[in-house]
Structures are given as structure tokens and as C-alpha cells.
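# Reading the structure
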Amino acid sequence: MSNRLATALLALVVLGSLVGFVAIGTAQSSEFSTNETVTVSNDSTPINVSVTWNESVTDPANTSASVTFYNETEYANDPANATIALEDTIGAYAGNTTTASYDENASGLELDTDYRVVVSGGSGIDSASIEDSSGFLGGVLPGGSDSLGGGMLVGGAVIGLAVIGAAVWTMRD
């Protein structure tokens, strides 16, 4: 292998590693947020929003996740100006999961209407999911000290792509 090829391979691996570590650090320090589209109907209610809290929550009385139901059509066009149909909070319970249920009886929600449900909060959240009676709709694991979350997965993917790229580069001669 020539010196030029070895240098290019090393540069690619180092660059990939740096990008991966930056992605890991960024994801782990950011606020948690996830969203899903739901339809409030006789077939899908109740809509259950569950938040799993990590053990590091030291002040559960002042820690919570925000749950916001937006008009889906407006949210798809412009999230910043979408009409809020319902706002709620889910209180923290360190090391446990808390769940809130919503249906057409919740103030602001109507049957046969599409909503965008956004769950957001701080670093005390390990994961969140939005589920209806038809099954699991979605969930996200953020990066954190107790989980292999999104940041770790992004970083691993970037590093893996760098290694694969380096192998392809090496084999092409």
C-alpha cells in the first residue's frame, strides 16, 4: 500500500471518528423531543403517551415532560404557527414510566381528527412513546448515561460508514 493511500485511509478514519463523537456528544446534551401523528377515533382511542424517566432525576416535583396536540394539517404546513388543541404535562417519577391517556373527552380534542402529538422535556427522559389502541405508533430513545440512545446510534453509524469507506478505498487498487 502506498504512503498516499495509507495517509488517505488514516485521514478518513480520523475524520469519521471525530464526526461520530461530535454526533454522540450533541445528541446526549440536547433536549428530548419526539412527535407522532395520531387520529382520535373510536378505533384508536385512547391515545397513551408514556415517558420513561432515568434514575438521575433528582427533583421530580419540578421535572416534567410537555405533551402538545397540534392540528396535523397546520403542523405539516408550518409547525411554528399550528393551532394547539391541547397542552398537558406528565410529571417525573425517577426510574419509572408515567403514562397519560387522551381521548375525545379531553378538552380540545375531537373525534375523527388528526393531530400531531409532540412530547418534549429535559435530560431526565430516557424514552417516550405514543401509542393508540391499534398498536405502537412510535418512540425515541435519546442518548444518556443509562441507555444506548439516538446519539450513540448516530455516532456508531458514522464510525461504521467511515470504516466501510476506508475498506472500499483500500480494496479498489
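Report on the accompanying structure.

### Examining unusual backbone geometry
Of the consecutive residues Thr45 and Pro46, the connecting peptide bond is found in the cis state with omega at 5 degrees. Residue position: Pro46 is located in the loop between β1 (32–40) and β2 (47–53). Its identity as a non-glycine residue notwithstanding, Asp112 has a phi of 55 degrees, on the positive side. By the secondary structure assignment, Asp112 is in the loop between β5 (97–102) and β6 (113–121).

### A closer look at the sheet that holds β1
Overall, antiparallel pairing links the four strands, which are arranged β1-β6-β3-β4 in an open sheet. Edge positions in the sheet fall to β1 and β4 (84–91), since each of these pairs with one other strand and no more. Averaged over all adjacent pairs, the angle separating strand axes in this sheet is 20 degrees, with direction ignored.

### So, the pairing of strand β3 (residues 64–71)
In the sheet, β3 pairs with β4 via seven bridges, with the strands oriented antiparallel. Across the sheet, Val67 pairs through a bridge with Asp88, a residue of β4. Alignment of β3 against β6, held across six bridges, turns out to be antiparallel. For Phe69, the partnering residue across the bridge sits in β6 and is Val117.

Thresholds, definitions, all that
- Residues numbered from 1 in each chain as written.
- Predicted model: local features only at pLDDT ≥ 70, side-chain atom pairs only at ≥ 80, totals over all residues.
- Heavy atoms only, no water.
- Helix = DSSP H or I, 4+ residues; strand = E, 2+ residues; numbered from the N terminus.
- Pairing = 2+ DSSP bridges.
- Axes fitted to C-alpha atoms, helices over the stretch in contact; angles between N-to-C directions.

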